[in-house]
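# Coordinates in review
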Amino acid sequence: MIETIRNAEYGWFLWLNGFHSPFWDSIMFAVTHRLTWIPLYVFIIFYLFTRLRPNAFYKLVFILAAVGLSDRITSGLMKPYFARFRPCHDPTIGHLVHVVGGCGGQYGFASSHAANSFALMLAFILICPKNIKWKYFLIPWAILVSYSRIYVGVHYPTDLLAGALVGMLTTLIIYLIINQFNQSLLSETK
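Predicted, not measured: the structure shown is a model, and the values here were computed from it.

For the rest of this paragraph, the subject is the pattern of salt bridges. Using the criterion set out here, one finds 2 salt bridges in the structure. Close ionic contact of Glu9 with Arg84 constitutes a salt bridge, the shortest N to O distance being 2.4 Å. Taken together, the positions of Glu9 in helix H1 (residues 2-17) and Arg84 in the loop between helix H4 (56-82) and helix H5 (112-127) put the pair 75 residues apart, joining distant regions of the chain. Accessibility expressed as a relative area gives 12% for Glu9, which makes it buried.

Our focus in this paragraph is the confidence of the model for the protein. The pLDDT averaged across the protein works out to 92; a share of 97% of its residues lies at or above 70. When pLDDT is averaged over each element of the protein, helix H6 (residues 138-151) comes out on top at 97 and H1 at the bottom at 87.

Let us look at the environment of Asp159. With respect to the helices and strands, Asp159 occurs in helix H7 (residues 157-181). C-alpha of Asp159 to C-alpha of Ala115: the two residues are 44 residues apart in sequence and 9.7 Å apart in space. Beyond its immediate sequence surroundings of up to four residues, Asp159 is in contact with Arg84, Gly108, Phe109, Ala110 and Ser111. Within the structure, the side chain of Asp159 is placed 3.1 Å from the side chain of Arg84, a separation counted as a polar contact.

Further remarks concern the state of the cysteines. Applying the stated criterion to the full structure yields 1 disulfide. With a sulfur-sulfur separation of 1.6 Å, Cys88 is cross-linked through a disulfide to Cys103. Every disulfide takes its handedness from the sign of the S-S torsion; for Cys88 and Cys103 that torsion is 85°, giving right-handed. Residue Cys88 is found in the loop between H4 and H5, and its partner Cys103 is found in the loop between H4 and H5; the two are separated by 15 residues along the sequence. Since its relative accessible area comes to 15%, Cys88 is described here as buried.

Where H5 meets H6, the closest approach of the two axes is 9 Å, and the angle between their N-to-C directions is 180°. Accordingly, the angle class assigned to the pair H5 and H6 is roughly antiparallel. On H6, the residues that touch His113, Ala114, Ser117, Phe118, Leu120, Met121, Phe124 and Ile125 of H5 are Leu138, Ile139, Trp141, Ala142, Ile143, Val145, Ser146 and Arg149.

Our focus in this paragraph is a nonpolar patch on the surface. Residues Ile45, Phe49, Phe57, Tyr58 and Val61 make up a contiguous nonpolar surface patch of about 470 Å² in total accessible area. Mapped onto the elements of the fold, Ile45 is located in helix H3 (residues 38-50).

About the criteria used
Residues numbered from 1 in each chain as written. Predicted model: local features only at pLDDT ≥ 70, side-chain atom pairs only at ≥ 80, totals over all residues. Heavy atoms only, no water. Salt bridge = Lys/Arg side-chain N within 4 Å of Asp/Glu carboxyl O. Helix = DSSP H or I, 4+ residues; strand = E, 2+ residues; numbered from the N terminus. Buried < 20%, exposed > 50% of the residue type's maximum accessible area, 1.4 Å probe, protein only. pLDDT = per-residue confidence, 0-100. Contact = heavy atoms within 4.5 Å. Polar contact = N/O pair within 3.5 Å; in protein donor to acceptor, adjacent residues only side chain to side chain. Disulfide = S-S within 2.5 Å. Axes fitted to C-alpha atoms, helices over the stretch in contact; angles between N-to-C directions. Parallel < 35°, antiparallel > 145°, perpendicular 65-115°, else oblique. Patch = residues over 30% accessible without salt bridge, like charges linked within 9 Å, V, L, I, M, F, W, Y side chains within 5 Å. Areas by Shrake-Rupley, 256 points an atom, 1.4 Å probe, with all protein chains shown as cover.

What follows is the structure, encoded as structure tokens:
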């Protein structure tokens, strides 16, 4: 049974990783690179302090805590514990993987990129007022960042799903804890 699941994931990964070209290689390399998104992060901080002023500092701390804890759980706990090879390091299929920009660390379960982008996405959606519709742009952004990790050959689909779940659950738990102690801290009113 486990072998069947593993083979199915290999197939899905190789199929998704197989859609490559020099043009898309450069695009996906940029998408997956953390520094590419600095303007987005600066915009979010600017937006917090100019448009979501009540408790903007606490909202920023909430976002940073959600992303930081998600990253720590995936990179510091899950990857060493599960010790699952990245596709590009996997002796079974590594020779079939299209790698863009290097393979990275040896282990990939769960994806920190997915955890961090989904944590940021959900944290920002939770603290924004309901009438701010552009915040939902972060959903396709998180999906794109996650897919880029398959494209560049460093994560299996389940690495991304687990990372996304860790990011969203971590964010939701922190949000619920904060609201349990201080309901106004992350809201629009003081």
